[in-house]
Every structure is written in structure tokens, then in C-alpha cells.
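Chains, contacts and geometry: an overview
Below, each chain spelled out in residue letters.
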Amino acid sequence: MSLKAVLFDFNGVIIDDEPIHHQLLQEVLVEENLRADLEEIYQVCLGKSDRVGLRELLEKKGRVVSDEYILKLMQRKSQAYQEKIAATTKLPIYPDAEQVIFQLRVAKIPLAVVSGAVRVEIETVLTQANLRDAFSLWVGGDDITVSKPEPDGYLLAVERFNQLDPNLQLQPEECLVIEDTMAGIQAAQAAGMQVVGVAHTYPFHMLHRLADWTVDYLGELELGRIQQAFGDEVSPAFQAFS
């Protein structure tokens, strides 16, 4: 077994934007004449796609929802997010994430984003942060109808990698996932992948119970040791950063 691809979660791993999302979700609910404090939104939505999070919030408040209604709210919230990101002079990208992405690119390991965020939000941020070309593909919350902890997004990423390069013959067990939530870790493991938990959102001890590796910050991740755990020789790119 070799390490053939690394799959990144997005919100809370690459960009520190969870507070932005929770604020925008709150605004969407207010516009629908509903009230929800930020703590409630955090409890219901953290680690989930907007499609699932919004549905659960609305149903919790007794609102009857349809797929079309949810889609309308998702689009409204996504447009507000894009406008906020476009107006931001310095994106809250995690510096350690940029470092790890650079190391993996030098080692020529294909990268993907698998997130509950909609694809246009992912693309907007990656483009503005000059990270778009680092990733071979991204799977967003509008590509699937379920959310983490279901494994569908990660399995779809494997399928799309193999469509891009049939010679890759990528299998789930050849992927490493980087996640910050328990739902995300559970999704990766349900897909048959090994996973790093980074304690950006939940305490270290909570992620440590679930993940194969756990770090406080991505910069602490020893990629060479992980590559060895997959049975590979350590890439010179990782040795240079040891």
C-alpha cells in the first residue's frame, strides 16, 4: 500500500472561516423570520454541509422544508459568503496548511478538497489565495445530497481521481485525509481512509480518540513518518522539511 493522494477538508483546515459561515447562517434564518443563536448553529451545523445543516435547523424549528426551499437558502447564503470573501484583503488561511500543501506538491502527491462547502465557495477561496492550482479536484456539498459523517464525498473524490487519471487506479486505503471535526474523521474512516485530526475546532483529546494521527497544528505533522506508515520510502521533499 502506498500513499497516492491527500484529501483536505476545507473549512477549519485550509481556511479559518467557520465564524463567517455561522454568522451568515444566522442571517439567513433571521430573513426567514426565525431565531437561532450562534451556539445553536454551532451545535447543529459544525462539520455538516449547508444542505444538511439548514434542513436540520429549520426542521428543529418546525418549518416544513422542500429541496427547492433549501437550495434557495443555500444560494442566498453562498452569494453572501462570496461577497464577503471578495471584500477581504487578507484571507484567514492557516499558514501551516499552506506549508503542508507546498510540501505535498513538491513531493508530487495529488491533492483534493472534500468539503461540505459548495464548490463555488471553495473555488473562490482557492483562487484568491493562489492555491487553486495545488489541487487536482474538489468535491463540494452541492455534489452530493448527504453530509459527513457519511463517506460519500470522499468516495466520490476517489472516483474522480480515477476519471482524471485511469492509470492511477486509486483505492481509498491509499488516501490520507486531513480533518478538523469528528464528523469528518468518521466520514474518512467509513470510506476506508486513514485520517489526521487537526485540533483547530475540537480539542486534541477528542480527536485523538478517533483519528489515526492527531496534531494541534498542521505544521506539526511529520509527513515522512506518515509516508513510512503507508509503506513508502520517505520523499526527499519531506526530508528537506524535517
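Now for a quick tour of the structure. Throughout, a residue's number is its position along its own chain's written sequence, starting from 1. Confidence filtering applies because this is a predicted model: local features only for residues at pLDDT of at least 70, side-chain atom pairs given and counted only at 80 or more, and all residues used for totals across whole chains, interfaces and linings. Side-chain numbers come from the whole structure's heavy atoms, not from hydrogens or water.

**Some words on the overall build of the chain**
We count it as follows: Secondary structure follows DSSP: runs of H or I at least 4 residues long count as helices, runs of E at least 2 residues long count as strands, and numbering of each begins at the N terminus. Radius of gyration: over C-alpha atoms. The globule rule applied is 2.2 Å multiplied by the number of residues raised to the 0.38 power. Accessible area is worked out with a 1.4 Å probe on protein chains only. A residue is then buried under 20% of its type maximum, exposed over 50%, and partly exposed in between.
Per the secondary structure count, the chain includes 11 helices and six strands. Against the globule reference of 18 Å for 242 residues, the chain gives a C-alpha radius of gyration of 18 Å, in line with a compact fold. Projected onto its principal axes, the C-alpha coordinates of the chain cover approximately 60 × 35 × 35 Å. Buried residues in the chain amount to 52% of all 242 residues.

**As for the packing of helix α3 (residues 50-60) against helix α4 (residues 67-86)**
Formally: For every element, the axis is a line fit to its C-alpha atoms; helices are fit only across the contacting stretch, and the angle between N-to-C directions ranges from 0 to 180 degrees. Crossing handedness: left-handed means the near helix sits turned counterclockwise from the far one by under a right angle, and right-handed means the same turn made clockwise. Residues are treated as being in contact if the distance between any of their heavy atoms lies within 4.5 Å.
Interhelical geometry of α3 versus α4 gives an angle of 115 degrees and a closest axis separation of 10 Å. When the axes of α3 and α4 are compared, the crossing they make is right-handed. In contact with Asp 50, Arg 51, Leu 54, Arg 55 and Leu 58 of α3, α4 contributes Asp 67, Tyr 69, Ile 70, Leu 73, Met 74 and Lys 77.

**Describing the environment of Leu 3**
Here Leu 3 is to be found in the segment before β1 (5-8). With 168 residues separating them along the chain, Leu 3 and Gln 171 place their C-alpha atoms 9.9 Å apart. When residues no more than four places from it in sequence are discounted, the contact partners of Leu 3 are Ile 109, Glu 174, Cys 175, Leu 176, Phe 230 and Asp 232.

**Observations concerning the pairing of β1**
Short version of the rule: Paired strands, in this sense, are two strands between which DSSP finds at least two bridges.
Of the two faces of β1, the one holding Ala 5 and Leu 7 and the one holding Val 6 and Phe 8 are both buried throughout. Sheet topology note: the β1/strand β4 (residues 175-179) ladder contains four bridges and is parallel. When the bridges of β4 are listed, Phe 8 appears paired with Ile 178.

**What about empty space enclosed by the protein?**
We count it as follows: Put simply, the grid is 1 Å and covers the protein atoms alone, a cavity is a trapped set of points that fit a 1.4 Å probe, a pocket is an open set with protein on both sides within 12 Å along at least five of seven lines, and lining residues have an atom within 4 Å of a point. Grid points are joined across faces, edges and corners, and a volume is the space filled by probe spheres set on the points. Under the convention adopted here, Pro, Cys and the residues Ala, Val, Leu, Ile, Met, Phe, Trp and Tyr are nonpolar, Asp, Glu, Lys and Arg are charged, and Gly plus all remaining residues are polar.
Counted under the stated rule, the structure contains one cavity of 30 Å³ or more. If you add up the space inside the largest cavity, you get close to 290 Å³. Elements that contribute at least two residues to the lining of the largest cavity include exactly α1 (18-31) and α3. Looking at the lining of the largest cavity, the element that brings in the most residues is α1, giving four residues. Its residues placed into classes, the lining of the largest cavity shows eight nonpolar, 11 polar and eight charged.

**Section: the nonpolar core**
What counts here: The term nonpolar core refers to a set of buried residues drawn from Ala, Val, Leu, Ile, Met, Phe, Trp, Tyr and Cys, joined through side-chain atoms within 4.5 Å.
If you look at the biggest cluster of nonpolar residues, it comprises 43 residues, and the most contacted ones within it are Val 6, Phe 8, Phe 10, Ile 14, Leu 104, Phe 135 and Ile 178. Counting residues per element, this core draws most heavily on helix α5 (residues 95-106), at four residues. With 27 residues, the next largest nonpolar core counts Leu 137, Val 177, Ala 188 and Met 193 among its residues.

**Focus: the packing of α4 against helix α6 (residues 119-128)**
Keep this limit in mind: For classification, angles of less than 35 degrees are called roughly parallel, those exceeding 145 degrees roughly antiparallel, those between 65 and 115 degrees roughly perpendicular, and all remaining angles oblique.
Packing of α4 against α6 leaves a shortest axis separation of 10 Å and a crossing angle of 5 degrees. With respect to α6, the axis of α4 lies roughly parallel. Only Val 120, Glu 121, Thr 124, Val 125 and Gln 128 of α6 make contact with α4, whose side of the interface consists of Lys 77, Ser 78, Tyr 81, Gln 82, Ile 85 and Ala 86. The class makeup of the residues in the contact of α4 with α6 is five nonpolar, four polar and two charged.

**What about the side chain of Ser 235?**
Considering the arrangement of structural elements, one finds Ser 235 in the loop between α10 (223-229) and α11 (236-239). Relative accessible area serves as the criterion here: at 12%, Ser 235 is assigned to the buried category. The contacts of Ser 235, once residues within four sequence positions are left out, are Ala 107 and Gln 227.

**Side note on the sheet that holds strand β6 (residues 213-215)**
Across the sheet, which stays open at both edges, the six strands sit in the order β3-β2-β1-β4-β5-β6 with parallel pairing between neighbours. Edge positions in the open sheet fall to β3 (137-139) and β6, since each of these has one partner strand only. Strand-to-strand twist of the sheet, defined as the mean angle between neighbouring strand axes without regard to direction, takes the value 20 degrees. The pairing of strand β2 (residues 111-114) with β3 spans three bridges and is classified as parallel. Within β3, the position partnered with Ala 112 by the bridge is Leu 137. Helix α7 (residues 152-164) contacts β1, β2, β3 and β4 of the sheet and is inclined by roughly 150 degrees relative to β3.

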